[in-house]
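Below are the chains, spelled out letter by letter.
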Amino acid sequence: MRLAVIGVGLIGGSFALALKQAGKVSHVVGVGRNRANLELARERGIIDSIAPDAAMAAHEADVVLVAAPVGQFPAIFPALKDCQALITDAGSTKRDVVAAARAALGGKIGQFVPAHPVAGAEKSGAAAASADLFKARRVVLTPLKENPAASVAKVRSLWEACGARVTQLAPDEHDAVLAAVSHLPHLLAYALVHDIAGRGNAEQLFSYAAGGFRDFTRIASSHPEMWRDICMANRDQLLAELTRYSAQLGLVEKLLQAADASALEKLFKQARDARDRWLKSSS
């Protein structure tokens, strides 16, 4: 199988490496905006060749993975309208991606099977790619009514070959769920670091920050462009989650103002128990 990867970063590069390791691809062609990153990807054996643009990359491909920041998708999909390949993606939002694909592909929309690997790291680029990134991690497919069953099964099988656990959601449901458990945490981490960095004694504050701060803010080292695009694409759902979270912070603030130690401990225990149940169920 010949694979074209548009955006050879952490996700696209890891997908290529995992499929190579599984013996599912014979040739990977990559395309992207950063030539140095593409050269590194070729040196690492992630890709076998470099294409000048998305159309050329997809021309002889059997499968195309679009793994660029979602803000680039409206410019990428028109370049794929004449290809014959099965197209999928790794975008962290789905309503905007599906809309961009429909606008560009028209009657060929059935060739596009949307997907989102819920995996990643705070590092980006081909240097961060790993064949093991998706092992035991969730990948969400959001199939369209126009997708042939065989196409959905093919995309599922590729992610399963990467070691992923594949599930399905509707695009709307996907964006609502991920706003709560992925997009909101990233926004909060960025906001906290930005707040601390903007204070007059920022250097002192960072010098005293330890494991808790590091763990909570790890994802603030993620790719800024990618997360800008995600927040803009899913801003309605994200704003709804911010409203809910603000209400929760308001509750905590009232408990502190009232010096209600018992209620605060109860809230902490409920949160801890919920997290422990989640970790147990996901192990």
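The structure under discussion appears in the preceding block.
Bear in mind the structure is a predicted one, so any value in this text is a computation, not a measurement. (Residues numbered from 1 in each chain as written. Predicted model: local features only at pLDDT ≥ 70, side-chain atom pairs only at ≥ 80, totals over all residues. Heavy atoms only, no water.)

J.: Explain the sheet that holds strand S8 (residues 138–141) residue by residue, including any values.
T.: An order of S7-S8-S9 is seen for the three strands of this open sheet, with the pairing classed as mixed. Edge positions in the open sheet fall to strand S7 (115–118) and strand S9 (165–168), since each of these has one partner strand only. When strand polarity is set aside, the average angle formed by the axes of neighbouring strands in this sheet is 25 degrees. Here S8 pairs with S9 via four bridges, running parallel. Its bridge partner being in S9, Leu141 is matched across the sheet by Gln168. (Pairing = 2+ DSSP bridges. Helix = DSSP H or I, 4+ residues; strand = E, 2+ residues; numbered from the N terminus. Axes fitted to C-alpha atoms, helices over the stretch in contact; angles between N-to-C directions.)

J.: For the sheet that holds strand S6 (residues 112–113), give the residues involved together with the corresponding values.
T.: Strand order across the open sheet formed by six strands is S3-S2-S1-S4-S5-S6, with parallel pairing between neighbours. Sheet topology places strand S3 (49–50) and S6 at the edges, where each strand pairs with a single neighbour. Relative to S6, strand S5 (residues 86–89) runs parallel, the two being bridged by two bridges. Within S6, the residue paired with Thr88 across the bridge is Val113. Set on the sheet, helix H6 (residues 149–161) makes contact with strand S4 (63–66), S5 and S6; between it and S5 the angle comes to about 55 degrees. (Contact = heavy atoms within 4.5 Å.)

J.: I'd like a description of the pattern of salt bridges, backed by residues and values.
T.: Enumeration according to the criterion identifies 18 salt bridges in this entry. We note a salt bridge from Glu160 to Arg156, for which the minimum N-O separation is 3.8 Å. In this pair, Glu160 and Arg156 both sit in helix H6, four residues apart, roughly one turn of the helix. Residue Glu160 is classed as partly exposed on the basis of its relative accessible area, which comes to 43%. Owing to a relative accessible area of 25%, Arg156 belongs among the partly exposed residues under this scheme. Linking Arg244 and Glu241 is a salt bridge whose minimum nitrogen-to-oxygen distance equals 2.8 Å. Here the residue Arg244 and the residue Glu241 both occupy positions in helix H11 (residues 235–257), the gap between them amounting to three residues, near one helical turn. Taken together, the shared-partner salt bridges in this structure form one network comprising Arg33, Glu225, Arg228 and Asp229. (Salt bridge = Lys/Arg side-chain N within 4 Å of Asp/Glu carboxyl O. Buried < 20%, exposed > 50% of the residue type's maximum accessible area, 1.4 Å probe, protein only.)

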